[in-house]
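Each chain, letter by letter, is given below.
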Amino acid sequence: MPRTETKSTNRFTRPSEVTYILPESASSTITIILPPKSPWTSGSHWHEGHTEYLRVIQGAAKVTIQSHTCTYRPSDGIITIPRFAVHEWSRVLERDDPDFDDELVVQEWTDPTDGLKEVFFRNLNSVILEHSGTGWFGSMGFILQLWTIFHGLDNWPVVVDGPFYVRWLLTHVAVGIGARFGALCGLRAVYDEYTPRELIDRRSI
């Protein structure tokens, strides 16, 4: 299918939900902005090849790491999320919170700083913003595309609650099967139309 070229785009917005500002060439930090009342959430997931860091720049974020939930503000500094730690974050939506009506601005980066997070967000957002399929077939194709991206770019979504070894096994099985079906359908984790050449070369994807 034809794909809109977004490899030169550094800002992706899903209206009323989230805006991603991708780094300039000298940076590895991604800025994520959630408007007031945004329902966006990162979804519960983990990374296996990267330690992730979050820093709240403005507003208040509700962050859950390994089932422990806290509210973080700029004064709380850097939040470290180790490899394999299941985590999720979103904005605080309680009306009695002083930051309820503020934008939430959060920075994300990883160790190693290998550009994979930018590759992930470029391809994920481009796919979501271009998605127009309807019905069972369109929905299944969209899910297979997302799982292909998750599988290829170190983002493992929790598909069932339970002990971590159960989550790990079922996620790897489900996402792995989805990615294989996706590959058979010609789907990829990384598209030239969405990804700058230097990032592809850097990752050797």
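(A) Representation of the sheet that holds strand β3 (residues 30–34) in the model. Read across the open sheet, the six strands follow the order β1-β2-β3-β10-β5-β8; overall the sheet is antiparallel. A strand with exactly one partner marks an edge of an open sheet, and here the two such strands are β1 (11–14) and β8 (78–81). Going from strand to strand, the sheet's axes swing by 20 degrees on average, the running direction of each strand aside. Two strands pair when backbone bridges link them, and strand β5 (residues 51–58) and strand β10 (residues 104–111) are joined in this way by seven bridges, in the antiparallel orientation. Across the sheet, the residue bridging to V56 is V106, located in β10. Packed onto the sheet, helix α1 (residues 116–130) meets β1, β2 (18–21), β3, β5 and β10 and runs at close to 45 degrees relative to β1.

(B) Focus on the domain arrangement of the chain. By domain assignment, the chain separates into domain 1 (11–111) and domain 2 (116–203). Computed over C-alpha atoms, the centres of domain 1 and domain 2 are 20 Å apart. Summed over both partners, the interface of domain 1 with domain 2 comes to about 1900 Å²; 62% of that surface belongs to carbon and sulfur atoms. Among the residues domain 1 hides against domain 2, the three largest losses belong to F12, R14 and W46. Together they make up 33% of the total. There are two salt bridges connecting domain 1 and domain 2. Close ionic contact of K117 with E52 constitutes a salt bridge, the shortest N to O distance being 2.5 Å.

The rules behind the values
Residues numbered from 1 in each chain as written. Predicted model: local features only at pLDDT ≥ 70, side-chain atom pairs only at ≥ 80, totals over all residues. Heavy atoms only, no water. Pairing = 2+ DSSP bridges. Helix = DSSP H or I, 4+ residues; strand = E, 2+ residues; numbered from the N terminus. Axes fitted to C-alpha atoms, helices over the stretch in contact; angles between N-to-C directions. Contact = heavy atoms within 4.5 Å. Domains from an automatic or database assignment. Buried area = accessible area lost by both parts, 1.4 Å probe. Salt bridge = Lys/Arg side-chain N within 4 Å of Asp/Glu carboxyl O.

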